[in-house]
Amino acid sequence: MSKSTPGNKDYSKYFDFSNAKVLHEDEHGKHIRVNGREIHIVSQPSYREEKRRGKEDVQVLYDNGIPEEMKHLGQGKHYHITTYGCQMNEHDTEVMRGMFEAMGYTSTEDRDEADVILLNTCAIRENAEDKVFGELGHLKHLKLEKPSLILGVCGCMSQEESVVSRIMQKHSFVDLIFGTHNIHRLPQLLKDAYFGKEMVVEVWSKEGDIIENLPKKREGLRAWVNIMYGCDKFCTYCIVPYTRGKERSRRPQDVLAEIRDLARQGFKEITLLGQNVNAYGKDFTDLTYSFGDLMDDIRKIDVPRIRFTTSHPRDFDDQLVEVLAKRGNLVEHIHLPVQSGSSEVLKKMSRKYSREHYLELVGKIKQAIPDVVLTSDIIVGFPGETDEQFEDTLSLVREVRYDSAYTFIYSPRAGTPAAEMEDNVSMEVKKVRLARLNELLNEIGRERNEELRGQVVEVLVEGVSKNNAEMLSGRTRTNKLIHFKGHASLSGDFVHVRVTEPQTWVLKGELVQEPERANPAV
Ligand code: SAH
Ligand code: SF4
Ligand code: F3S
């Protein structure tokens, strides 16, 4: 039996700070020199601290405009952000874009033109991290050509001790590292990076407060709205509770006000974000208000489509099923990650539900919403997963009949319990399992789409199809991509389309009627 290796390659050697010279230390942090590079560590991530769940109340801070003296910091300058990972990160990028533009910066897609480049990173699997380190290699050349360029690393990887140590030692051309709890500090951090000569490291391990009223730059027809931050589930394979801190819900009035405002601005679809949205409200000490209550209130707001991600099977209660069954703007698509079909593996993953509980929940949902589309996340090759346990996953997939699922080979993450578990399953076996699972999912996905043949579906038109100027692309209420012939002027409208050619990944259809401009989701 081989023991699985910790997630980050050469993890141990990046902790060796014996070659770091402390220059001085004061109430603003520590100034050190590593391999000739001066670094100002305001605060550094710590796995130990990130594991802690403090009892102190979460503060909600409302007054967060850009300080007057920073409103012109970016005049004549360009910024570029590359975003990795989930919608949470995409949305954090929108907040940072809002802040950049409030400081007078202009966005650019061209990295050569940029004065500031940020990598908003993801730590969920090792290959996500490898991509970022590869990118840093490319950016080193840009930085050498243009020393005034500010290069920053933020997002979930910055919350990892090992990553920050590795950057300090091996990528000393980086100017700025900050974490997920202090993106609102971007203006001050940029100023420090401009005016100091040192690399600035400010990563808070303590769970963040909730910061309201930050500027956000949204584009298109769809908008994301955070309803809560963090995760307390600590599934044994997962890094997110460490990188995103403890669960904390935004106040209902703040969420509802933001959604009303987006409705006024004309957004057609809103996705509520949280790692575990059905834990919404559980942290309120002064009121009883659940995710079901929130959905019931949002249902009354005039936005055509409301989605949410991600829901956790454990906390999916009957009230929520009941509210979702009222439909209206609440679409009939639920992303309900199962991770494994084996109760034994689920136990080792600490998912806190069994196969039977999950299937019972799916039964309830299907009874209440017969045309529901269910999608999932599934991990294969969790440490020690046996052939039988993997077969349990296949049989669960057959029973639920997901329309699609994201599938992953387990990736050990340093600092998580599963990274310490014995693993006797070879990578070869894991790859074969992944291929078999994907094959089954594709087969079922195709069958599910086939059931739509001839049906008329409501489509939100996103625009002209990438490959064919005569074709439009859009999404059904269940988030399926559909292509059909139509005029570009329909972009942003709701239309009805008959499904004529269902395929595995995409539907093809024909327009059946003129667009309806009013909310059709009644
Ligand atoms: N909060 C969400 C998941 C967020 S992470 C939930 O609980 O459903 C997205 C997905 O990445 C997870 O659902 C899981 O399937 C996968 N994932 C997380 N950690 C992983 C790891 N260490 N290796 C492989 N996949 C992982
Ligand atoms: Fe990770 Fe589990 Fe939290 Fe999802 S619920 S973010 S998988 S710890
Ligand atoms: Fe990745 Fe962080 Fe999201 S680890 S998946 S960006 S919460």
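Here the structure is a predicted model, which is why all the values come from computation and not from measurement. (Residues numbered from 1 in each chain as written. Chains lettered and ligands numbered in written order. Predicted model: local features only at pLDDT ≥ 70, side-chain atom pairs only at ≥ 80, totals over all residues. Heavy atoms only, no water.)

*Asks:* How should the nonpolar core be read in this particular structure?
*Replies:* Across soluble globular proteins, you tend to see nonpolar side chains buried next to one another. Counting 70 residues, the largest nonpolar core has Leu272, Phe291 and Met295 as the members making the most contacts within it. A domain-level breakdown of this core finds at least three residues from each of domain 2 (218-331) and domain 3 (362-451). Counting 34 residues, the second largest nonpolar core, distinct from the first, contains Ile39, Leu136, Val163 and Val201. (Core = buried A, V, L, I, M, F, W, Y, C linked by side-chain atoms within 4.5 Å. Buried < 20%, exposed > 50% of the residue type's maximum accessible area, 1.4 Å probe, protein only. Domains from an automatic or database assignment.)

*Asks:* Would you mind going over the sheet that holds strand E17 (residues 305-309) with me for this structure?
*Replies:* Note: strands within a sheet are paired through backbone hydrogen bonds, in either parallel or antiparallel orientation. If you trace the 3 strands from one edge of the open sheet to the other, you get E13-E16-E17, paired in parallel fashion. Where the open sheet ends on each side, the last strands, each with one partner, are strand E13 (222-226) and E17. In this sheet, neighbouring strand axes are inclined to one another by 25° on average, regardless of whether the strands run parallel or antiparallel. Strands in contact with helix H8 (residues 291-298) are strand E16 (269-273) and E17; relative to E17, the strand with the most contacts, it is inclined by about 160°. (Pairing = 2+ DSSP bridges. Helix = DSSP H or I, 4+ residues; strand = E, 2+ residues; numbered from the N terminus. Axes fitted to C-alpha atoms, helices over the stretch in contact; angles between N-to-C directions. Contact = heavy atoms within 4.5 Å.)

*Asks:* Please explain the site of ligand 1 as it appears in this structure.
*Replies:* Around ligand 1 there are 15 residues in total, and Tyr237, Gln275, Gln339, Asp377 and Ser411 lie nearest to it. Within the contact set of ligand 1, an oxygen atom lies 3.1 Å away from a side-chain nitrogen or oxygen of Arg125. One nitrogen or oxygen atom from the side chain of Gln339 is found 2.7 Å from an oxygen atom belonging to ligand 1. The protein chains hide 90% of the 540 Å² of surface that ligand 1 would expose on its own. Only strand E19 (373-380) and strand E20 (404-409) provide two or more residues apiece to the shell around ligand 1. Split into classes, the residues belonging to the shell around ligand 1 amount to 7 nonpolar, 4 polar and 4 charged. Counting only domains with at least three residues in the shell around ligand 1, you end up with domain 2 (218-331) and domain 3 (362-451). (Near = heavy atom within 4 Å. Polar contact = N/O pair within 3.5 Å; in protein donor to acceptor, adjacent residues only side chain to side chain. Areas by Shrake-Rupley, 256 points an atom, 1.4 Å probe, with all protein chains shown as cover. Nonpolar A, V, L, I, M, F, W, Y, C, P; charged D, E, K, R; others polar.)

*Asks:* Would you mind showing me how to read the packing of helix H3 (residues 126-145) against helix H4 (residues 161-170) here?
*Replies:* The angle between the axes and the distance between the axes are what describe a pair of packed helices. Contact geometry for H3 and H4: axes closest at 13 Å, N-to-C directions at 15°. Looking at the two axes, H3 sits roughly parallel to H4. Read as a crossing pair, H3 and H4 show a hand that is right-handed. Packed against H3, whose contacting residues are Glu129, Phe133 and Leu136, the element H4 presents Val163, Arg166 and Ile167 at the interface. Residue classes in the contact of H3 with H4 are distributed as 4 nonpolar, no polar and 2 charged. (Parallel < 35°, antiparallel > 145°, perpendicular 65-115°, else oblique. Left-handed = near helix turned anticlockwise from the far one by under 90°.)

*Asks:* Where do I start with the pairing of strand E24 (residues 481-485) in this structure?
*Replies:* Remember that side chains alternate between the two faces of the sheet whenever the strand is regular. Relative to E24, strand E23 (residues 471-476) runs antiparallel, the two being bridged by 5 bridges. By the bridge assignment for E24, Gly474 is matched with Ile482. The hairpin formed by E23 and E24 contains 4 residues between the paired strands, and Asn479 there has a positive phi angle of roughly 70°.

*Asks:* Teacher, can you tell me more about the packing of aromatic side chains here?
*Replies:* Under the criterion given, the structure shown has 10 aromatic pairs. Centroid distance Phe234 to Tyr242: 5.5 Å. Interplanar angle 85°. Geometry classified as edge-to-face. Among the aromatic side chains, those forming a connected cluster through ring pairs are Tyr79, Phe100 and Tyr105. Its guanidinium or amino end placed over the ring of Tyr194, Lys77 lies 4.8 Å from that ring's centre, counting from NZ or CZ. (Phe/Tyr/Trp six-rings, centres within 6.5 Å; stacked < 30°, edge-to-face > 60°. Lys NZ or Arg CZ within 6 Å of the ring centre and 35° of its normal.)

*Asks:* I keep staring at the packing of helix H12 (residues 387-400) against helix H13 (residues 427-450) and nothing clicks. Help me out?
*Replies:* Interhelical geometry of H12 versus H13 gives an angle of 10° and a closest axis separation of 10 Å. Comparing their axes, H13 and H12 come out roughly parallel. For the pair formed by H12 and H13, the contact residues are Asp387, Phe390, Glu391, Thr393, Leu394, Val397 and Arg398 on the first element and Arg433, Arg436, Leu437, Leu440, Leu441 and Ile444 on the second. When its residues are assigned to classes, the contact of H12 with H13 shows 7 nonpolar, 1 polar and 5 charged.

*Asks:* Hey, could you run me through the site of ligand 3 in this one?
*Replies:* Close to ligand 3 lie Cys86, Asn89, Cys122, Ala123, Ile124, Cys156, Arg244 and Gln275. Among the residues forming the shell around ligand 3, the class breakdown is 5 nonpolar, 2 polar and 1 charged.

*Asks:* Any chance you could explain a negative patch on the surface here in plain terms?
*Replies:* On the surface, a cluster of negative charge is made up of Glu109, Asp110, Asp112, Glu113 and Glu145. Tracing the chain through its elements places Asp112 in the loop between strand E7 (106-107) and strand E8 (116-121). (Patch = residues over 30% accessible without salt bridge, like charges linked within 9 Å, V, L, I, M, F, W, Y side chains within 5 Å. Salt bridge = Lys/Arg side-chain N within 4 Å of Asp/Glu carboxyl O. Lys, Arg positive; Asp, Glu negative; His and termini not counted. Charge placed at Lys NZ, Arg CZ, Asp CG, Glu CD.)

*Asks:* Please clarify how H8 should be interpreted in this entry.
*Replies:* Every α-helical turn comprises 3.6 residues, leaving residues that sit three or four positions apart pointing alike. Counting buried residues along H8, 6 of its 8 residues qualify, which places the element largely inside the surrounding structure. By the burial criterion, the buried members of H8 are Phe291, Gly292, Leu294, Met295, Asp296 and Ile298. In the core, the buried residues of H8 are packed alongside helix H7 (252-265), E16, E17 and helix H9 (318-324). For H8, the N-terminal cap is Ser290; the gap from its side-chain oxygen to the backbone nitrogen of Gly292 is 3.3 Å.

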